[in-house]
Amino acid sequence: MIKPVRYFLISLWSLISLSSAAQTPATDASDVLRSQADSLKKKGIKLFTINLDSSEVYYLSAAAIYQKIEDWESYIKLLNGLAVVSYYKSDYETLQSYSQKAFDTAREHLGPSHSLYQDALNNLTAYYYNKGAYSKNDRLLKKILSLNLKNTNAYKQISKTYQNLGTNAFVMNNLQKALAYQKEALRYRQKSDELVQLELSNNYKDIGLTFQELGQYDSARVYLNKSLSIVKEFDASKFKIAAINRISTLHGLVEVMMLDQKQQAAKTYAQQALSLQKDDKAFRKAFTYELLARIDKEEGNYKQALENLQNANRLAQLNYRNNSYPKIARKLAATADLYEQLQQNQQALDYYQKGLTTLAPGYALPTSLANPPADQLLAPPDALNILHGKAQLLLQLAQQSADEEQLRLSLATFHTAADLIAKMRRGVLTTDAKNALAEKSVDIYEGAIATALALHQKTNDPGFLESAFRLAESNKALLLLESINARQASGFAGLPDSLREQEENLRTDLAFYQKKILEEKQKKEKADADKIKRWQEQIFKLDQQYDWLSSRLESDFPLYHKLKYQDNTLDLPKLQQQLASSSSALLEYFAGEKQWYVFVLTANGLQVASIDATSKTDLAIESLRQFARQSPEGGLSAETYLQFTRNAHELYQQLIRPATTLLPQDIEQLLIIPDYTLAFLPFDLLLTNPVQDASAGFHPDKVDYLLEQYLLSYDYSATLWSRSQEKENIDFEQPFIGFAPSFSPVFADAVRSCTSDQLYSLRCNQSEIKAIGEMLGGTQLVAKEAGKPAFEQYAAQSQILHLATHACVDEQDPMFSKIYLADDYLSIYDLYNTQLQSELVVLSACNTGSGKLLRGEGVMSLARGFMTAGCASTVMSLWSVDDCATSDIMTNFYKHLKEGRSKQAALRLAKLDYLASANKAQQHPYYWSAFVQYGNGRPLEELSTAINWILLGALLLAGIGFGLLWGSRRREA
């Protein structure tokens, strides 16, 4: 999809204000020269909307005179005006030259507090933006904003800078950040005493385009039509800026109509935009042709689409003067894509390569199809699109011709794309933008893995197999890894305590206001909109301060930046040694759009198997999950049980059997690194053999669970698991701290789930805590003692942290999932701002391993929140769990831990103990199979005394009876 083009604001009022300079009578030689300069300047202003080249000549003549008489304000204004002229001529090198000269002169003669100094800086950012240096541009804009905000009445300058920050965020796909900046720009614009309607139309247009990209088309149309209603009032032939705004607004409406499948309306708007651009030097005419080409392509009119794209390329080369410019690259990429659809592959390849070289100015490629290094490529989103298209085309050609050289070129291009993704993640992306990038990158990694495996098959070179494995690992749990890296980096990078404290305070304040908004929104129709708006404004300010602090940390403390964003690389020999020590095999899954793989790593080596996954695979996973999470109390039909046994065995055949055929005989444990929907699947439930006579109904003695064959544990990535094996010496004050809050005199039976709008007390949670406490020692906090103050006081002191309480999951906004204490709750926001160091977290409440699923990143769950807080291991539940059955399993789990078993072995034995003692009905998977163990699985040493170890807390989250009435978000068994 063509990305809507955003136009960067420069200091247009510097140009406009030229005509309002005070005129003084000519009384001496200096005044005579000033009068001459004023006359030349007026002619330049008059010619600006008619002939830019002539306007530039007059400005230069006037500027030379102002410089001679040392009228620095007039001189700098004209330099900024010349920058504007260069911008509209698309002469970005000259724009940079004039802006730099204006900046240097203003710094020397006027100082950084002067508005002309800031205007010159702002014009300089237009150069970096149009060259595609978005990260550098973001840093410079934030510097300008900090200068603007010192003058609280500089509303126009502040608005302009916010708008440019929004434009920069937009092209980097930071859409929520872009919208926040744009709304702040509008707020300051409306405060200004000099409310210029054409500038206001720009604000509306930008907000509309961002809503469009967010898929909120109704809001997009509202703002774009607001913009259009303003610019229609101006004569486009007389007001150049009005014409430009009108054209770009029409472009936005074209995009909205196309996305809304209204092709004819889109074509009408595009033709209107074209009619306003008679001259081939029109600023946006190339993009108009690009949009027309896209409409033709959607309609299957490829010949006309190609003609329009050729016009777009011709005008881009004419108007952008062959600068290394993203707009040129986009048109080249669109042309390549069209040639590929026309099966004219060589032309497509040529255009992809032209696009790459356009974005790598001055870089000499060693061969005609080589790729520039990722750090040489400007405009990363555009470069990534081109690299992906080129790599995929080379792979397709190689598959048709069995050409090994094309396979190698394809893999090299995919690797450059992967390097660029890593570079983009280290840039100015927000969390939402990083998640979106991970989602969009799945296709790239899938193609890269397929190419590497094809080369491995052709050459038998193990390096290609290792490359495929590393690529599969490259897009897993990167936000979690980054959070853990950042915590570790702050302790090793020499950060002053004052900065660490400032960062912690900002994170805490952000979490506080986000929580306040959540609580207010839960009042629904009674929510106070004014309060929410105030808190949102406060969050915007805090977020801005956090951005500035992060920029400072990463520029002033390069070691911190390096440690925080260290590459997600694996030491494979070390990982193999770690697996060998526990007789384990690692099974890492990759779920692509077309093909799934399982990589099997043992001490003996690395192997891979393709998985024959189809659309039915996801359905089977969901069906199995629905069966296991439904309480059998209402009865279990033979048909339902038959469907379960079929799904459980078919999934075993698809997911596990291809891997186990590659395993040595001595493997006892499987470490699962799931991907995509596999993160919701407890592999324990898979059936190693088909069930005979399943139609006769539920007979638990006739099923062969994978649980009985292997020890199973899980992690978010191989990198994280390997790191979790590195032991630290930590002095803990206590071996165990358990929380079992009570909430009301009313008790509830059955499940630990969110099912009503009232918190009920649990029947079994306090006895559970007491039994485990008597077994291990430590502190038992029950009833009203188990509140937030006690959590803040004790949670970080214990080897094992155990909470038996209520939990609620919000899959729409996972950061607001929460677990309850006697007097308050902890959201994931709170956990992200909590420092923990426990060895084990056991989350036995409802859905503590559930949440919103993000491709690549995994499930955004409460359990993950505890990992982010510093815990190395969790035991979590994948659905609502039975209260007292959970208590039995957990008590046995701790008994086996105390015996010196590994965490995964203790959990497996606890489940088997339960199955051995439960009656037939209670052997249903609902009662025992929800629990899985993530992270470090080492045994806990000497649980009876407090000693030194890495302890990642045991957190028993048991949620029964309560719930906020979530509506469609309600989580039930």
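Preceding block: the structure.
The rules behind the values
Residues numbered from 1 in each chain as written. Predicted model: local features only at pLDDT ≥ 70, side-chain atom pairs only at ≥ 80, totals over all residues. Heavy atoms only, no water. Helix = DSSP H or I, 4+ residues; strand = E, 2+ residues; numbered from the N terminus. Rg over C-alpha atoms; globule rule 2.2 N^0.38 Å. Buried < 20%, exposed > 50% of the residue type's maximum accessible area, 1.4 Å probe, protein only. Contact = heavy atoms within 4.5 Å. Areas by Shrake-Rupley, 256 points an atom, 1.4 Å probe, with all protein chains shown as cover. Lys, Arg positive; Asp, Glu negative; His and termini not counted. Charge placed at Lys NZ, Arg CZ, Asp CG, Glu CD. Pairing = 2+ DSSP bridges. Disulfide = S-S within 2.5 Å. Expected span 1.5 Å × (residues − 1). Polar contact = N/O pair within 3.5 Å; in protein donor to acceptor, adjacent residues only side chain to side chain. Axes fitted to C-alpha atoms, helices over the stretch in contact; angles between N-to-C directions. Parallel < 35°, antiparallel > 145°, perpendicular 65-115°, else oblique. Left-handed = near helix turned anticlockwise from the far one by under 90°. Core = buried A, V, L, I, M, F, W, Y, C linked by side-chain atoms within 4.5 Å. 1 Å grid on protein atoms, 1.4 Å probe; cavity = no way out; pocket = protein on both sides within 12 Å on 5 of 7 lines; lining within 4 Å. Points joined across faces, edges and corners; volume = space filled by probe spheres on them. Phe/Tyr/Trp six-rings, centres within 6.5 Å; stacked < 30°, edge-to-face > 60°. Lys NZ or Arg CZ within 6 Å of the ring centre and 35° of its normal. Salt bridge = Lys/Arg side-chain N within 4 Å of Asp/Glu carboxyl O. Bend = angle between axes of the 7 residues up to and from the residue.

A. The arrangement of the overall build of the protein chain in detail. Per the secondary structure count, the protein chain includes 36 helices and 20 strands. In terms of overall dimensions, the protein chain is globule-like: its C-alpha atoms have a radius of gyration of 32 Å, near the 30 Å expected for 973 residues. Principal-axis analysis of the C-alpha atoms places the extent of the protein chain at approximately 105 × 65 × 50 Å. Taking all 973 residues of the protein chain together, the buried fraction comes to 61%. Across the protein chain, every contact between residues at least 6 apart in sequence was considered, and the portion connecting residues at least 24 apart equals 75%. A total accessible area of about 37,500 Å² is found for the protein chain, and carbon and sulfur atoms account for 47% of it. Here the protein chain holds 103 positive side-chain charges and 109 negative ones, and the gap between their average locations is 7 Å.

B. Examining the sheet that holds strand 12 (residues 807-808) more closely. Here three strands make up an open sheet; going across it, the order is 12-13-14 and the pairing antiparallel. Because the sheet does not close on itself, it has two edges, and the strands there are strand 12 and strand 14 (825-827). Judged from the two bridges that link them, strand 12 and strand 13 (residues 818-820) form a sheet pairing that is antiparallel. Counted as the bridge partner of Ala807 is Ile819 from strand 13.

C. Seen up close, the state of the cysteines. This model, assessed by the stated rule, comprises one disulfide. Sulfur-sulfur distance for the disulfide between Cys764 and Cys884 comes to 1.9 Å. On the S-S bond that ties Cys764 to Cys884, the torsion sits near 60°, and the link is right-handed. Of this pair, Cys764 sits in the loop between strand 9 (761-762) and helix 30 (765-776) while Cys884 is found in helix 34 (residues 883-898), placing the two residues 120 residues apart along the sequence. For Cys764, a relative accessible area of 11% corresponds to the buried category. For Cys884, a relative accessible area of 33% gives the class partly exposed.

D. Representation of helix 3 (residues 52-68). The end-to-end C-alpha separation of helix 3 is 24 Å, in line with the 24 Å expected for 17 residues at 1.5 Å each. For helix 3, the full list of buried residues reads Leu52, Ser55, Glu56, Tyr59, Ala62, Ala63, Ile65 and Tyr66. A distance of 3.1 Å separates the backbone nitrogen of Asp53 from a side-chain oxygen at the start of helix 3, and that oxygen is part of Asn51.

E. Local environment of the pairing of strand 2 (residues 596-602). The buried count for strand 2 comes to seven of seven residues, which makes it a mostly enclosed element. Pairing of strand 1 (residues 584-591) with strand 2, which is carried by six bridges, proceeds in the antiparallel orientation. Among the inter-strand pairings, Leu586 is bridged to a residue of strand 2, identified as Leu601. Linking two consecutive strands that pair antiparallel, namely strand 1 and strand 2, is a turn of four residues. Pairing of strand 2 with strand 3 (residues 605-611), which is carried by seven bridges, proceeds in the antiparallel orientation. Within strand 3, the position partnered with Val600 by the bridge is Gln607.

F. Summary view of the packing of helix 10 (residues 197-213) against helix 12 (residues 240-259). At their nearest, the axes of helix 10 and helix 12 sit 10 Å apart, and the two run at 15° to each other. The angle between helix 10 and helix 12 places the two elements in the roughly parallel class. The hand of the helix 10/helix 12 crossing is left-handed. Taken together, the residues of helix 12 that come into contact with helix 10 (itself represented by Leu198, Ser201, Asn202, Lys205, Leu209 and Gln212) are Ile241, Ala242, Asn245, Ser248, Thr249, Gly252, Glu255, Val256 and Leu259.

G. Region of interest: the pairing of strand 1. Among the eight residues in strand 1, eight count as buried, and that is most of the element. Of the two faces of strand 1, the one lined by Ser584, Leu586, Glu588 and Phe590 and the one lined by Ala585, Leu587, Tyr589 and Ala591 are each fully buried. In terms of strand pairing, strand 1 meets strand 4 (residues 669-673) through five bridges, oriented parallel. Counted as the bridge partner of Ser584 is Gln669 from strand 4.

H. Structural context of the nonpolar core. In this structure, Tyr162, Ile449, Leu575, Leu586 and Phe599 are the most contacted members of the largest nonpolar core, which totals 167 residues. Not counting residues up to four positions away in its chain, the partners in contact with Leu575 are Leu570, Leu586, Leu601, Ala718, Trp721 and Ser722. Counting 124 residues, the second largest nonpolar core, distinct from the first, contains Ala613, Ile621, Leu706 and Ala906.

I. Quick peek at empty space enclosed by the protein. Counting across every chain of the model gives six cavities of 30 Å³ or more. Lining the largest cavity are 17 residues, and of these Ala679, Tyr716, Gly858, Val859 and Tyr934 sit closest to its centre.

J. Molecular detail of the packing of aromatic side chains. Going through the model one piece at a time under the given rule, you end up with 30 aromatic pairs. Here Trp72 and Tyr75 contribute two aromatic rings whose centre-to-centre distance is 6.0 Å and whose plane-to-plane angle is 70°, an arrangement assigned as edge-to-face. Of the two residues, Trp72 and Tyr75 both sit in helix 4 (residues 72-88), three residues apart, roughly one turn of that helix. On the basis of an interplanar angle of 65° and a centroid distance of 5.3 Å, the ring pair of Tyr127 and Tyr128 is categorised as edge-to-face. When sorted by exposure, Tyr127 lands in the same class as Tyr128, which is buried. Ring-pair connections join several aromatic residues into one group, and the members of that group are Tyr155, Tyr162, Tyr181, Tyr188 and Phe540. Seen from the ring of Tyr825, Lys515 lies directly overhead, with NZ or CZ sitting 4.4 Å from the centre.

K. View of the environment of Leu481. Relative to the assigned elements, Leu481 resides in helix 22 (residues 478-492). What makes Leu481 buried here is its relative accessible area of 4%. Sequence separation between Leu481 and Trp548 is 67 residues; the distance between their C-alpha atoms is 22 Å.

L. A look at the side chain of Asn313. With respect to the secondary-structure elements, Asn313 resides in helix 15 (residues 302-319). Setting aside residues no more than four positions away along its own chain, Asn313 makes contact with Lys331, Leu332, Thr335 and Tyr351.

M. Region of interest: the pattern of salt bridges. Enumeration according to the criterion identifies 40 salt bridges in this entry. A salt bridge links Arg189 to Glu199, with the nearest nitrogen and oxygen atoms 3.2 Å apart. Here Arg189, found in helix 9 (residues 175-191), pairs with Glu199, found in helix 10; they are 10 residues apart in sequence, far enough to count as distant. For Glu290, the salt bridge is made with Lys331, and the minimal N-O distance between the two is 2.8 Å. Of this pair, Glu290 sits in helix 14 (residues 285-298) while Lys331 sits in helix 16 (residues 326-341), and the two are 41 residues apart along the sequence. For the pair shown, Glu290 and Lys331 are each scored as buried.

N. The arrangement of helix 28 (residues 638-660) in detail. Between the first and last C-alpha of helix 28 there are 31 Å, a value that for 23 residues agrees with the 33 Å anticipated at 1.5 Å per step. Of all the bends in helix 28, the greatest, near 40°, is centred on Gln653.

O. Structural detail: the environment of Gly778. Tracing the sequence through the fold places Gly778 in the loop between helix 30 and strand 10 (779-782). Distance from Gly778 to Glu733, taken between C-alpha atoms, is 9.0 Å for residues 45 residues apart in sequence. With residues up to four places along the chain from it excluded, the contact list for Gly778 reads Gln734, Pro735 and Phe736.

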